[in-house]
Amino acid sequence: MPPSSSPGRVLLVDDDPTTLMLLRTIVGRGGFAIETATDGAQALDRLRSAGAPEFDAVLTDYLMPVLNGLELLEQIRLLDSTLATIINTSDSERTTLSASLKGGVCDFLEKPCNAKVVLGAVERAVGLTRRQRSLHSAERRLADVCSIQERLAPNLPDRSSLPGQLACELTTRICPIHEAGGDFVSVFHPAPGSVQLVLGDVSGHGLLEGFIAAYFQGMVKGMQTVGIAPLQIAEACNRFLLVEWSGNGAGEVSSSLSAIFVHLDLVARELRILNCGCPALHCHVPGRNPEAWAGQSSPLGWFETLNPGVATVPLGDTGSCCLWSDGLLDQAKRLGLTPHAVAARLLLTLPADLPAFRRTSNFADDVLVARFRWFPPDGEQPDDALPLYHEALPGDSGPGIDAVQERFQRNLLHAIPDLPSSCLTSVLLCVREALINALKHGCAGLRDAVAHLTAVLRPRQRRLEITVSDPGPGRSQVLSAPAGLPDLFADTGHVSLGLEMIHFLTTSTREARNGAELTMEFDLAAA
Amino acid sequence: MQTQFHNNALRLVFPGDILSTNVAELRVALLGHLGAYPMAGGVIADLGLSNLIDSQGLNLLVALFRECERRQVTFRVENPVPDIQRLFTALKLAERFGLTPAPTPVLAAT
């Protein structure tokens, strides 16, 4: 809202005609437009009929019939919380009115009125109203920017099909720490069966970065639309940041832009990545540990020569990949969590719940996460496995198993805060038993041998799936599901009590490589 | 590990989870306490502070049970959390540990 050049419009309220006339004369000398009312009810009528925003201040008596000054003030706050109100009172009334300071009164005037004091109070009240309205207007505009940024973050399914083409789904979550931020995502379909995504992160966070992000988002989208290749787009942005923007002699804009370009070719079934300064992209294919691709690169706007991370990843029939801005890495580090757990929590949060989540999460930087899933277009229900956790453990980690368990628990509870406690106990016991077995037998306690702990959630089925694998040969004979748990008091010793506990505590288990890879499933819906 | 000797019974209060990483230490402590109270006619394992017992922890409790048998003193477990009670039941330990049967397991094998 632009500052008004007029002195302002003031509503004077007093049931004493003489006082009202006197106030009118005094305030009128200040050049203010004046309206009057002889009691609180009449004042409210004026405010409602003309619209409270048409007034810049209210000066009211305290003791009046129908509505006293304090009751009028309460009603004004409901109509327009920015409208400053002055209460004219005697010294004896002032003590009883002290509570009204909390109710938003702008000032008190002491009877009898002093012209200079009255005029000064009205000028201050008008100034305060205008400042508050300007602030409210800016807040509304910021909220509009945030809303636009959220709407620009796409969540689009692509189920169109060419022969042999995979289908894909994209989910994004954007969480600026203020109302607007410097992260953006742009999606473009250059041809059927082809999706290009750019995730960008302008250094810094706030409205300025929101503007710069919007600038680059438009620039990138425009270049994508006319078929310019990712590398050329990156070079153009780099040049723009280094030469045209920062070196134009009109004052530097010292921003940098991290951007990752992802081309999903659903016909050739490959993912092509060009990364300039963003965290690595993480791919998850069922049956394999999550893999990071195309990390280690510098942002645009740093060096004249680009140093992008480049990778081409075969897609397979089904899988997913996750990419995020470095704000997510910061948040994970701050909370002592893995990025997978933080990303999973965001992706599991419904868009409508994001503003509340953002307020309680105390992010230190803007956070953006995007996730692609690909799957056969007309096949079974697509695999919706959402990676929550992955840790590679050297074979000599056995003595530190308590710390591993504690880390795993912390990440699990962050990603799934409503995990039932009985399920958590079962999960922790099973993970512990499986890991001890993998480290002790599969890795033979050797540092060079590595065991993997991976957890994924299938949100649609409310099923948690945890895999522990080791490089060993497994057992000579695959263990079938036991009919019951062993009798620990039987004379024949049970060498596999841990494994049999796992069979008891899980909903189901799967083994591969003679048990060197054990997958444990937990039905969260049943817990 | 805290101990109480009352009514001719030795109460052993386990200080927390009973896990592979602390069973050796707990075993030494248990043997020390049993040796310190040779006159005890019964042993009570108080698990009120234990939320997690892994396979090696279970084996420790079974070993404690057997040691009590060898010394011809009674043994029972008290205050297990529901998840642990369910595990004892599934492992047919509940009765031997002097516990009443636990409710049906929440997560049963399919």
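Parameters and conventions
- Residues numbered from 1 in each chain as written.
- Chains lettered and ligands numbered in written order.
- Predicted model: local features only at pLDDT ≥ 70, side-chain atom pairs only at ≥ 80, totals over all residues.
- Helix = DSSP H or I, 4+ residues; strand = E, 2+ residues; numbered from the N terminus.
- Buried ≥ 20, exposed ≤ 12 C-beta atoms within 10 Å, placed from the backbone.
- Contact = placed C-beta atoms within 7 Å.
- Core = buried A, V, L, I, M, F, W, Y, C linked by C-beta atoms within 7 Å.
- Pairing = 2+ DSSP bridges.
- Axes fitted to C-alpha atoms, helices over the stretch in contact; angles between N-to-C directions.
- Parallel < 35°, antiparallel > 145°, perpendicular 65-115°, else oblique.
- Left-handed = near helix turned anticlockwise from the far one by under 90°.
- Nonpolar A, V, L, I, M, F, W, Y, C, P; charged D, E, K, R; others polar.
- pLDDT = per-residue confidence, 0-100.

A count of helical and extended segments in chain A gives 13 helices and 21 strands. Relative to its 527 residues, chain A shows a buried fraction of 42%. At a minimum sequence separation of 6, the contacts of chain A that also span at least 24 residues come to 68%.

Across its full length, chain B carries 3 helices and 4 strands. Each of the three principal axes of chain B carries a C-alpha extent, and together these read 45 × 30 × 20 Å. When the 110 residues of chain B are sorted by exposure, 35% land in the buried category. Within chain B, contacts between residues at least 6 apart in sequence are counted, and of these 65% link residues at least 24 apart.

Now for the nonpolar core. All names here are of chain A. Counting residues in each nonpolar core, the largest one holds 125 residues, and the members touching the most others are Leu 199, Ala 259, Leu 323 and Leu 388. For this core, the element with the most residues is helix α12 (residues 421-442), which contributes 11 residues. Those residues in contact with Leu 388 that lie beyond four places of it in its chain are His 340, Ala 341, Ala 344, Asn 411, Leu 412, Ala 415, Ala 455, Val 456 and Leu 457. With 31 residues, the next largest nonpolar core counts Val 10, Leu 70, Ala 121 and Ala 125 among its residues.

In this section: the sheet that holds strand β18 (residues 450-458) of chain A. Residues and elements named next belong to chain A. If you trace the 5 strands from one edge of the open sheet to the other, you get β17-β18-β19-β21-β20, paired in antiparallel fashion. Each end of this open sheet is capped by a strand with a single partner; those strands are β17 (386-394) and β20 (508-512). Each adjacent strand pair in this sheet contributes to an overall mean axis angle of 15°, direction not counted. Of the strand pairs in this sheet, β20 and strand β21 (residues 517-523) are connected by 5 bridges, and their pairing is antiparallel. Bridge assignment links Thr 509 to a residue of β21, and that residue is Met 520. Here helix α11 (residues 401-415) sits on the sheet in contact with β17 and β18, set at roughly 170° to β17.

Here the focus is the sheet that holds strand β2 (residues 33-37) of chain A. Residue and element names in this part refer to chain A. In space, the 5 strands of this open sheet follow the order β2-β1-β3-β4-β5, with parallel pairing throughout. Taken across any chain shown, the strands that pair with only one partner, and hence form the sheet edges, are β2 and β5 (107-110). Averaged over all pairs of adjacent strands, the angle between strand axes in this sheet comes to 20°, irrespective of strand direction. Sheet topology note: the strand β1 (residues 9-13)/β2 ladder contains 5 bridges and is parallel. Counted as the bridge partner of Val 13 is Ala 37 from β2. Across the sheet, helix α2 (residues 40-50) is in contact with β1, β2 and β3 (57-61); its angle to β1 comes to roughly 160°.

We now examine the packing of helix α1 (residues 23-36) of chain B against helix α2 (residues 55-71) of chain B. All names here are of chain B. One way to put it is that α1 packs onto α2 with a least axis distance of 10 Å and a crossing angle of 15°. Judged on the interaxial angle alone, α2 and α1 are roughly parallel. Every pair of crossing elements has a handedness; the one defined by α1 and α2 is right-handed. Residues Val 23, Leu 26, Arg 27, Leu 30 and Leu 34 of α1 form the contact with α2, whose participating residues are Gln 56, Gly 57, Leu 60, Leu 64 and Glu 67. Along the lines of polarity and charge, the residues of the contact of α1 with α2 split into 6 nonpolar, 2 polar and 2 charged.

Once that is clear, we can look at the pairing of strand β15 (residues 319-324) of chain A. Residue and element names in this part refer to chain A. Judged by how many residues are buried, β15 sits mostly within the fold: 6 of 6 residues are covered. Residues Gly 319, Cys 321 and Leu 323 point to one face of β15 and Ser 320, Cys 322 and Trp 324 to the other, with burial holding for every one of them. Bridge count between strand β12 (residues 281-284) and β15: 3 bridges; the pairing is antiparallel. Residue pairing across strands places Cys 283 opposite Cys 321, the latter belonging to β15. Where β15 meets strand β16 (residues 367-375), 6 bridges bridge the pair, whose relative direction is antiparallel. Paired with Leu 323 across the strands is Ala 370, a residue of β16.

A few words on the confidence of the model for chain B. Of all residues in chain B, 90% have pLDDT values of 70 or greater, and the mean over the chain is 86. The low-confidence segment residues 104-110 of chain B, where pLDDT is below 50, has 18 contacts with residues more than four positions distant or belonging to other chains.

Our focus in this paragraph is the packing of helix α9 (residues 339-348) of chain A against α11(A). Residues and elements named next belong to chain A. The contact between α9 and α11 brings their axes to 8 Å, and the two run at 15°. As judged from the angle between their axes, α9 and α11 are roughly parallel. Between α9 and α11 the crossing geometry is right-handed. Across the interface between the two elements, Ala 341, Ala 344 and Arg 345 from α9 touch Asn 411, His 414 and Ala 415 from α11. Split by residue class, the contact of α9 with α11 holds 3 nonpolar, 2 polar and 1 charged.

The next subject is unusual backbone geometry. For A:Arg513, which is not glycine, the phi dihedral falls at a positive 50°. Mapped onto the elements, A:Arg513 comes out in the loop between β20 and β21. The phi torsion at B:Gln72 lies on the positive side, around 60°, for a residue other than glycine. On the secondary structure map, B:Gln72 appears in the loop between α2 and β4 (74-78).

What follows is about the environment of A:Leu354. Residue and element names in this part refer to chain A. On the secondary structure map, Leu 354 appears in helix α10 (residues 354-361). Along the sequence, Leu 354 and Arg 173 sit 181 residues apart, while their C-alpha atoms lie 8.1 Å from each other. Each residue touching Leu 354, except ones within four places of it in the same chain, is listed here: Arg 173, Cys 175 and Thr 349.

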